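# Observations on the model geometry
If you want the building blocks of each chain, they are given just below.
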Amino acid sequence: MSSTRTGEILVLGASGKTGRLVAERLTALGPSVRAASRSSAIRFDWDDASTWTPALAGVDAVFFVPTETLGLAERTAFVDQAKAAGVRRIVQLSVRGVAPEGGFHPTEEAVTQSGLEWTLLRPCWFNQDFAAPDFFLTEVLAGELATPAGEGREPFIDAADIAAVAVAALTEEGHAGRAYDLSGPEALTFAEALDVIGAATGRTLRHRHIGGAEYREVLIAAGASADDARSIADFLEGVAKGADAYLSTGVQEVLGREPRTFESYVQATAPTGVWTPDGR
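Residues numbered from 1 in each chain as written. Predicted model: local features only at pLDDT ≥ 70, side-chain atom pairs only at ≥ 80, totals over all residues. Heavy atoms only, no water.

### Examining the overall build of the chain
Heads up, the condition is: The helix count covers DSSP runs of H or I at least four residues long, the strand count covers runs of E at least two residues long, and both are numbered beginning at the N terminus. All radius of gyration figures rest on C-alpha atoms, and the globule criterion is 2.2 Å times the number of residues raised to 0.38. Burial classes: relative accessible area under 20% of the type maximum marks a residue as buried, over 50% as exposed, and values in between as partly exposed (1.4 Å probe, protein chains only). Any two residues having at least one pair of non-hydrogen atoms within 4.5 Å are treated as being in contact. The charge count treats Lys and Arg as positive and Asp and Glu as negative. His and the chain ends do not count. The atoms used to mark charge sites are NZ of Lys, CZ of Arg, CG of Asp and CD of Glu.
Broken down by element type, the chain carries eleven helices and eleven strands. Taking 19 Å as the expected radius of gyration for a compact globule of 280 residues, we find that the chain reaches 19 Å, a close match to that expectation. Principal-axis analysis of the C-alpha atoms gives the chain an extent of 55 × 40 × 35 Å. Each of the 280 residues in the chain was classed as buried or not, and the buried ones make up 48%. A fraction of 75% describes how many contacts in the chain between residues 6 or more apart in sequence connect residues 24 or more apart. The distance from the centre of the 24 positive side-chain charges to the centre of the 38 negative ones in the chain is 3 Å.

Okay, here's the thing in structure tokens:
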């Protein structure tokens, strides 16, 4: 599909795993990019609505990354401000498996009922979660990751593939009104994923199953809110039950290629030292 967007694009969550890559890819393509987060030059904070209007001024399209606990009222208020500012297109980063087949989850309604050109991206768990301090990195460095995922399988997806799909939806025609489920090309257990990292780093890594209630307490003790802890634990308990052990084809539909494998991600990432305690 040809690129037709020429207006400025607002990227929310521009310091995050996906938003950072979306901003980088858009900049490389040439569109004017407005990268916004709580720590960026253009400040955007979901808890401070006074930051919304300046971030949206003069913007043509938005990469919309709401927090998991952001309510429908706040989402709707933001989308209403986007419409008032003249935004025409909005691409929301959602979650795979939360919406009924052929329908929408309540967290998606502010966008799908907005009257704007909208696209939903619904990825599963990221490859990069294993290297993220706010997800699994601390446990990987310690040699043992304890989750409620059990022997359930997850087709981990690379954040770079999500970003590539997002850029296409933001800059090309033909994606309006579409919801793309995104996954990697193979479903792995958490133990298998850790084996791949272990093989690349020369370490022995173990996955241990714990109950959802215990995992919520672990997350809360680490600083997560009760709502976030419950949401994450519920997703991982779903993995244990096989709810996420299927492949999706959104990457192939949009990009015309296969998504990156978990092993290729690990082979590229291991030399950075992120998974070795001494950083080597």
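Let's pick the thread back up.
### Some thoughts on the packing of helix α1 (residues 19-29) against helix α6 (residues 159-171)
The condition that has to hold: Each axis is a line fitted through C-alpha atoms, and for a helix only the stretch in contact is used; angles between axes span 0 to 180 degrees, taken between their N-to-C directions. Angular relationships are summarised with four words: roughly parallel below 35 degrees, roughly antiparallel beyond 145, roughly perpendicular across 65 to 115, and oblique for the angles in between. Helix crossings get a hand from a simple test, with the near helix turned counterclockwise from the far one by less than a right angle marking a left-handed crossing and a clockwise turn marking a right-handed one.
Closest axis-to-axis distance for the α1/α6 pair is 9 Å, and the angle between their directions is 50 degrees. Regarding the angle of α1 to α6, the classification is oblique. Crossing of α1 against α6: the hand is right-handed. Here α1 contributes Leu21, Val22, Arg25, Leu26 and Leu29 to the contact with α6, which in turn contributes Ala159, Ala160, Ala163, Ala164, Ala166, Val167, Leu170 and Thr171.

### Some points on the nonpolar core
Basically, it comes down to this: Remark: nonpolar core denotes a set of buried residues (Ala, Val, Leu, Ile, Met, Phe, Trp, Tyr, Cys) joined through side-chain atoms within 4.5 Å.
Core analysis: the largest hydrophobic core is formed by 29 residues, its most contacted members being Val11, Val22, Phe63, Leu121, Leu170 and Leu182. Residue assignment for this core shows that the elements contributing at least two residues are β1 (8-12), α1, β4 (59-64), β5 (89-93), α6, β9 (178-182) and α10 (250-255). The element best represented in this core is α6, accounting for ten residues. Ala229, Ile232, Ala233 and Tyr265 belong to the second-largest nonpolar core, a separate cluster that totals 28 residues.

### Notes on the packing of aromatic side chains
So the rule is basically this: In this scheme Phe, Tyr and Trp rings, the latter by its six-membered ring, pair at centre separations within 6.5 Å, and the angle between planes marks the pair as stacked below 30 degrees, edge-to-face above 60, and tilted otherwise.
The full count for this structure, using the stated rule, is 21 aromatic pairs. Each ring, one from Trp125 and one from Phe135, has its centre 6.0 Å from the other, and the planes form 90 degrees; the classification is edge-to-face. A residue pair is termed long-range when its members are at least 10 positions apart, and Trp125 in the loop between β6 (117-123) and α5 (137-142) and Phe135 in the loop between β6 and α5 qualify at ten residues. The exposure class of Phe135 is partly exposed, given its relative accessible area of 25%. With 5.9 Å between their ring centres and 80 degrees between their planes, Tyr265 and Trp275 make a pair best called edge-to-face. Separated by ten residues along the polypeptide, Tyr265 in helix α11 (residues 262-269) and Trp275 in the segment after α11 bring together distant segments of the chain. Exposure class is identical for Tyr265 and Trp275. Each is buried. Grouped by ring-pair contacts, the aromatic residues Trp125, Phe130, Phe135, Phe136, Phe156, Phe190, Phe262, Tyr265 and Trp275 constitute a single cluster.

Keep in mind that these numbers describe shape and distance, not what the molecule does.
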